[in-house]
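For reference, the chains in residue letters:
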Amino acid sequence: MTQSPRPVRPVSIEPPVHPRHNLPAPLTRFIGREGDVVALTALLATTRLLTLTGPGGCGKTRLALAVAEATCSDGPSDGVWLVEFAALTDPALVPQSVAAVLGVREEPRRPLLDTLTDALGTRSVLLLFDNCEHLVAPIAAMADTVLRACPDLRILATSREALRVSGEVAWRVPSLSLPEGRVICTSAQVAASEAAQLFADRVRLRQPAFALADENAAAVAAICRRLDGMPLALELAAARVRVLSLAQLEARLDDALRLLTVGERTAMPRHQTLRATLDWSYALLTEDERIVLRRLAVFAGGCDIAAAEAVCGGGGIAPADVLTLLAQLVEKSLVQMNERDGNARYRLLETVRQYAVERLDASNEGESVGQSHADWYLAIAERARPALDGTEQGKWMARLESDYANLRRVLRRCMEREENVQGLQMARDLARFWQARNDLSEGRLWLTLFLERCRREERSALQEDVWPDALFGAGRIALFQQDYEAARALFDELFATAKQSDDRSHLGFALNQLGHLAYYQRDFTTAHALYAEALAIRRRLGNPHHIAISLGSLGQVALLEDRDADACDLLEESVALFRQIGESIDMLLSLRWLGFLAIRRRDQRAARDCFAESLLRGQESSTNWGLAESLDGFAMLAAIEGQATRALTLAGAADAQRIANAAYPAPFWHEYVERTLAPSRDALGARVSADMENAGRAMTLTEAVTEAMAIAPSGTIPDSATNRRAMMGRYGGLSARERAVVAEVARGKANREIADALFVTEKTVEWHISNSLRKLSFRTRAQLAVWAVAVGLVASPHAPKKETPAP
């Protein structure tokens, strides 16, 4: 005989305070994620099983409680009930935990789960299952059963990983939003981030007078970033302000596991220290998952799948199994997966990485894993070196940039172990990268260190071209730093070495660099002679990239000697050669000087074309190389257009980019910029000029680019050869139809809208966009949009309305 459903006791017997829920009253304010609460509350109304996933300490429980609280007023008519599983260790007792909260009693000779489903029946109830990760299988089985039997039941769960029940929606809880990475942090900018709001609120619990101010904004931003916006870590850090200043706190976060150990006494034990939280997560892993997790600790800044397989495989773990184990660690919220330029990268949050380092050291495999890591990145750097001067330059710059922290780790390992041959080889391979990235001091440090060590002991063990390449790289960096004495010594040695071995290629390098040295020291006659000799050698060798560099160098000398016609021909030939061989960072220098030459000729439109392309390709380089000088160019353009306020704002933005990227302006460039901006400073006066520059320094790069692109030049010289040549190359080989499609992309239209506007099929639009991306060497629609504004296919959203050029 079938029993009648029994009522849920808390529904039929109203508690005196909270008749429809047993949610705890919060002791502290809910900070951040207010938007998530709204979104999740709406999602829960249409979903029967919603699981919030994320690593320990990310705030899953607090967010779930906030969602449940928001649901109480107009949600399930029969109540919201919290079931806490954290303290439960026996999987068989999962149904008993739920029944105890709901007041459902066991019946003789009947499974409790059957009694529970009967009691719930058709009631409208929300169950909040908190901390399910250590009991995922039994909780998933019970959830599946009760959801099938009870049509109006909903479950909101928190867990390190999804329950994987049919119909489940898993929502990964992100870290709190972080302060933007600005050069200058103001209190308002930092306070806009959720992480800073939470940290400041919790600090005020210890120091009621505390307030975010411009003086402490940078320290607060650094703490939030170092802790990856993790709520538990931020709260534990806030507790330390009783005994440490913010600066001291930030400085000690290299050992966060030791520092963050003072939680609330009433919190669960695993939430009282960061280490306890991580111990809890680590204990739930399989042995293979633990091995991969601790081996991942050797990476700095994350890795891609190829690196993970090479370094984490072996010693009982087949490389082919690494992907599966990585996926499991991602599911369990211990590894973060982010997509970058179409490639997945895996990283550990900093606190998890520190914990995994301890586990790696304790496993006695740290040495072998470290060697595998070094071998992998030595090989990556070696492959990158020739590509940094070729058509794949942008791709390899981006790849090295993403693994910069790993490359640094290998260099430090070589230094500490006195593996000097490998160290010099890697430093040689990275010299071009450091130059393009404007990371000159670090590059010179490594090159000088390993050159001196190998000069004394191990030069004979080096591969044939490593020594001259390293001399070239170190000398070029010394030149950029205006250490002319050191640069001359290195280039003279390079010249002598190349002469002795009849190495014509390195002889061309030495002559061109000695020409740079004379150029920097204003000996233009000597510079011209050396550049010309280098160009003659390079023309015989036939390397178009090196020829283009020498042409650009000669063009700069001609410009400084007021031989404008020669400068124009040389610089344009240089740019044309660079275009022929594909994208090259070196082209940007020739482009900018060509833009300055156009300004000197009052050919503003040609100047804008040059500076816009330089700015766009500088962003494309993944290093922000030369962005400061490109913004300088727009500042000069604004100045001669009579836009004094914009000119000095852009000058400030350029200065901020120089500081952010540790960039050094090209020789004589700054003099020309200041001379061009002088009338604008005079027009505005010292105080207003300073205000405008400070406003520019506070801009983000995106804001600065938008401001620059808003300049619509009025002056032009229609008959100038420079302008005609610039116009011919303006559209990058795109057909009229491709330009029309790209213009619609820049206006923000989707493919379907573009197809309707142009009376073509959506497939045709996709084909034109793909072709345009290929021809312009771009990767995204956003880059197409910026380019379209730069060449005048569409007007900037901030520019005065003007007629769009005909395709």
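Bear in mind the structure is a predicted one, so any value in this text is a computation, not a measurement. (Residues numbered from 1 in each chain as written. Predicted model: local features only at pLDDT ≥ 70, side-chain atom pairs only at ≥ 80, totals over all residues. Heavy atoms only, no water.)

J.: How do you make sense of the overall build of the chain when you look at a structure like this?
T.: Along the chain, the regular secondary structure elements total 40 helices and 8 strands. When burial is assessed residue by residue, the chain has 54% of its 807 residues classed as buried. Expressed as a percentage of contacts within the chain between residues at least 6 apart in sequence, the contacts between residues at least 24 apart total 71%. Total accessible area on the chain stands at roughly 34,500 Å², and carbon and sulfur atoms take up 52% of it. (Helix = DSSP H or I, 4+ residues; strand = E, 2+ residues; numbered from the N terminus. Buried < 20%, exposed > 50% of the residue type's maximum accessible area, 1.4 Å probe, protein only. Contact = heavy atoms within 4.5 Å. Areas by Shrake-Rupley, 256 points an atom, 1.4 Å probe, with all protein chains shown as cover.)

J.: Would you mind showing me how to read the environment of G366 here?
T.: Mapped onto the elements of the fold, G366 is located in helix α18 (residues 366–387). Since its relative accessible area comes to 25%, G366 is described here as partly exposed. G366 sits 69 residues away from A297 along the chain, and the two C-alpha atoms are 9.6 Å apart.

J.: Would you explain helix α38 (residues 751–758) in this entry?
T.: In an α-helix there are 3.6 residues to a turn, and that puts residues three or four apart on one side. Listed in full, the buried residues belonging to α38 are N751, I754, A755 and L758. Along the axis of α38, the buried residues cluster in a sector spanning 100°; they form a single face. (Arc of directions from axis to C-beta.)

J.: Looking at this structure, I do not really get the nonpolar core. What am I missing?
T.: Nonpolar side chains in soluble globular proteins tend to end up buried together. F199, L296 and W434 are the most contacted members of the largest nonpolar core, which totals 130 residues. Examining the composition of this core, we find that 9 residues originate from one element, helix α21 (residues 420–437), more than from any other. Discounting chain neighbours no more than four positions away, the residues touching L296 are C303, C312, L326, L329, V335 and L348. In terms of nonpolar packing, the next biggest core, distinct from the first, is built from 96 residues, L535, L588, M636 and I769 among them. (Core = buried A, V, L, I, M, F, W, Y, C linked by side-chain atoms within 4.5 Å.)

J.: How do you make sense of the pattern of salt bridges when you look at a structure like this?
T.: For side chains of opposite charge, pairing can occur when their charged atoms come near one another. The tally for this structure, following the rule as stated, stands at 54 salt bridges. Between D201 and R202 there is a salt bridge, and its shortest N-O distance comes to 2.4 Å. For R202, a relative accessible area of 1% puts it in the buried group. The shortest N-O distance in the salt bridge between R294 and E287 comes to 3.9 Å. What makes R294 buried here is its relative accessible area of 12%. On the basis of relative accessible area, E287 is assigned to the partly exposed category, the value being 43%. (Salt bridge = Lys/Arg side-chain N within 4 Å of Asp/Glu carboxyl O.)

J.: Could you clarify how one ought to interpret the sheet that holds strand β2 (residues 80–84) in this entry?
T.: Strand pairing in a sheet takes place through backbone hydrogen bonds and is either antiparallel or parallel in direction. One open sheet holds the 5 strands; their spatial order is β2-β3-β4-β1-β5, and the pairing between them is parallel. Only two strands of the sheet have a single neighbouring strand rather than two, namely β2 and β5 (169–172). On average, each strand axis in the sheet is inclined to that of its neighbour by 20°, with strand direction left out of account. Alignment of strand β1 (residues 49–53) against strand β4 (residues 153–159), held across 5 bridges, turns out to be parallel. Among the inter-strand pairings, L49 is bridged to a residue of β4, identified as I155. (Pairing = 2+ DSSP bridges. Axes fitted to C-alpha atoms, helices over the stretch in contact; angles between N-to-C directions.)

J.: Which parts of the structure should I look at to understand the environment of E753?
T.: For E753, the location among the structural elements is in helix α38. Sequence separation between E753 and V765 is 12 residues; the distance between their C-alpha atoms is 9.9 Å.

J.: Just checking my understanding: could you explain the packing of helix α32 (residues 644–660) against helix α33 (residues 669–684) for this structure?
T.: Two measures define how a pair of helices packs: the angle their axes make with one another and the distance between the axes. At a closest axis distance of 9 Å, the pairing of α32 and α33 adopts a crossing angle of 115°. For the element pair α32 and α33, the recorded crossing hand is left-handed. Here A644, T645, A647, L648 and A651 of α32 lie close against α33, whose contacting residues are L677, S680, R681 and L684. Its residues assigned to classes, the contact of α32 with α33 comprises 6 nonpolar, 2 polar and 1 charged. (Left-handed = near helix turned anticlockwise from the far one by under 90°. Nonpolar A, V, L, I, M, F, W, Y, C, P; charged D, E, K, R; others polar.)

J.: Mind showing me how you'd approach the packing of aromatic side chains here?
T.: Scanning the model with the defined rule gives 17 aromatic pairs in all. Both rings, one in F85 and one in F129, keep their centres 5.4 Å apart while their planes meet at 80°; by these two values the pair is edge-to-face. Taken together, the residues F85 in the loop between β2 and α4 (94–102) and F129 in strand β3 (residues 125–130) connect sequence positions 44 residues apart. Exposure remark for F85: the relative accessible area of 0% places this residue in the buried category. You can call F129 buried: its relative accessible area is 0%. Here the aromatic residues Y484, Y519, Y520, F524 and F668 are joined through ring pairs into a cluster of three or more. One Lys or Arg, R290, reaches over the ring of Y282 and ends 5.4 Å from the middle of that ring. Above the plane of the ring of F509 lies R538, whose end atom (NZ or CZ) is 5.1 Å from the centre. (Phe/Tyr/Trp six-rings, centres within 6.5 Å; stacked < 30°, edge-to-face > 60°. Lys NZ or Arg CZ within 6 Å of the ring centre and 35° of its normal.)

J.: Just to check I follow, could you spell out the environment of T700 for this structure?
T.: Take T700: it is sitting in the loop between α34 (686–697) and α35 (701–709). Residue classification places T700 among the buried residues on the basis of a relative accessible area of 17%.

J.: Where do I start with the side chain of E289 in this structure?
T.: Tracing the chain through its elements places E289 in helix α14 (residues 287–296). A polar contact of 2.9 Å, which involves the side chain of E289, links it to the backbone nitrogen of T286. Sequence-distant contacts of E289, defined by excluding residues within four places in its chain, comprise L325, Q328, L329 and K332. (Polar contact = N/O pair within 3.5 Å; in protein donor to acceptor, adjacent residues only side chain to side chain.)

J.: Whenever I open this one, the packing of helix α29 (residues 586–600) against α33 confuses me. Can you help?
T.: Here α29 crosses α33 at 30°, and the two axes come no closer than 12 Å. Note on packing geometry: the crossing formed by α29 with α33 is left-handed. Every residue of α33 that contacts α29 at R592, W593, F596 and R600 is listed here: W669, Y672 and T676. Of the residues that constitute the contact of α29 with α33, the class distribution is 4 nonpolar, 1 polar and 2 charged.

J.: How should I be thinking about α21 in this particular structure?
T.: Its 18 residues place the ends of α21 24 Å apart at the C-alpha level, agreeing with the 26 Å of an ideal helix rising 1.5 Å per residue. In the structure, α21 departs most strongly from a straight axis at L430, where the bend amounts to approximately 45°. Most of α21 is tucked away, with 17 of its 18 residues classed as buried. Directly after α21, the chain includes N438, whose backbone phi takes a positive value near 60°. (Expected span 1.5 Å × (residues − 1). Bend = angle between axes of the 7 residues up to and from the residue.)

J.: Any chance you could explain unusual backbone geometry here in plain terms?
T.: With the exception of glycine, most residues fall at negative phi, and the peptide bonds are largely trans. Phi at R109 is positive, roughly 55°, even though this residue is not glycine. Note that R109 resides in the loop between α4 and α5 (112–120). Since its relative accessible area comes to 85%, R109 is described here as exposed. Here D502, not a glycine, exhibits a phi torsion of approximately 50°, which is positive. In this structure, D502 sits in the loop between α24 (484–500) and α25 (504–520). We classify D502 as exposed; its relative accessible area is 57%.

J.: Would you explain the sheet that holds strand β8 (residues 343–347) in this entry?
T.: Strand order in this open sheet of 3 strands is β6-β8-β7, and the pairing throughout is antiparallel. Every other strand in the sheet has two partners, leaving β6 (303–304) and β7 (336–340) as the edge strands with one partner each. Here β6 pairs with β8 via 2 bridges, running antiparallel. Bridging across to β8, C303 finds its partner in Y346.

J.: Please clarify how the pairing of β4 should be interpreted in this entry.
T.: For a regular strand, the rule is simple: side chains alternate between the two faces of the sheet. Of all 7 residues that make up β4, 6 are buried, and the element is covered over most of its length. Note that β3 and β4 share 5 bridges and pair parallel. From the neighbouring strand, F129 faces β4, where its bridge partner is A157.

J.: What is the right way to read the confidence of the model for the chain from this model?
T.: One rule of thumb: low pLDDT means the predicted coordinates there are not for detailed reading. Mean pLDDT over the chain: 84, with 89% of residues reaching 70 or higher. Below a pLDDT of 50 lies the segment residues 716–728, which in the model reaches 25 contacts outside its immediate sequence neighbourhood of four places, other chains included. This model gives residues 797–807 a pLDDT under 50, and the stretch forms 15 contacts once residues within four places in sequence are excluded. (pLDDT = per-residue confidence, 0-100.)

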